[in-house]
Amino acid sequence: MPPPGLLAAPRSGGTTSPSKSELIGAARVILDNCGVQFSQNKIVRLVLQFLDRAPRANGHAFFLYLTNAVQMSAEQQQSALLNPDIARAIAYADPTGETAVNNVMRGRSIR
């Protein structure tokens, strides 16, 4: 995932589904911010299972899959979604929208 204010890298094939490494990073952010201790091997296994079952799913679907795997309550899920780090980690990548926002933000800083 690109840092805020930077463009998402275009992917071949026209998909915006997160890559394996992006999902592993997102899982680490989600679990660390929720105080859940999982080994790196367990995280990788969960990511591979998710990619096998839903290869074209987005970051939010992964968030739901992961929080179900660690048995988070609905309240814990809602609380986690309010965390800006987690929200950024699972955000839908929209290169066109990100380009538009970046153009507007640059235009505002010039004035």
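*Asks:* Before we move on, could you go through unusual backbone geometry and cite the residues and values that matter?
*Replies:* We note that Gln 71 has phi near 60 degrees; this positive angle belongs to a residue other than glycine. Within the secondary structure layout, Gln 71 lies in the loop between α3 (59-69) and α4 (74-81). On the accessibility criterion, Gln 71 (69% relative accessible area) is exposed.

*Asks:* Please set out the nonpolar core residue by residue, giving values where relevant.
*Replies:* Counting 21 residues, the largest nonpolar core has Leu 31, Phe 38, Ile 43, Phe 62 and Leu 66 as its most contacted members. Elements represented by at least two residues in this core include exactly α1 (20-33), α2 (40-53), α3 and α5 (84-90). Sequence-distant contacts of Ile 43, defined by excluding residues within four places in its chain, comprise Ile 24, Ala 27, Arg 28, Leu 31 and Phe 38.

*Asks:* Describe the pattern of salt bridges, and please don't skip the residues or the numbers.
*Replies:* Evaluation of the coordinates by the stated rule reveals 2 salt bridges. Residue Asp 32 is joined to Arg 28 by a salt bridge in which the shortest nitrogen-to-oxygen separation is 3.3 Å. In this pair, Asp 32 and Arg 28 both sit in helix α1, 4 residues apart, roughly one turn of the helix. Overall, Asp 32 belongs to the partly exposed group, its relative accessible area being 46%. One salt bridge connects Arg 88 with Asp 85, and the closest N-O pair in it is separated by 3.5 Å. You can see Arg 88 and its partner Asp 85 sitting in helix α5, 3 residues apart, about one turn around the helix. Taking the relative accessible area as the measure of exposure, Arg 88 reaches 40% and is therefore partly exposed. Take Asp 85: its relative accessible area is 38%, and that puts it in the partly exposed class.

The rules behind these values
- Residues numbered from 1 in each chain as written.
- Predicted model: local features only at pLDDT ≥ 70, side-chain atom pairs only at ≥ 80, totals over all residues.
- Heavy atoms only, no water.
- Helix = DSSP H or I, 4+ residues; strand = E, 2+ residues; numbered from the N terminus.
- Buried < 20%, exposed > 50% of the residue type's maximum accessible area, 1.4 Å probe, protein only.
- Core = buried A, V, L, I, M, F, W, Y, C linked by side-chain atoms within 4.5 Å.
- Contact = heavy atoms within 4.5 Å.
- Salt bridge = Lys/Arg side-chain N within 4 Å of Asp/Glu carboxyl O.

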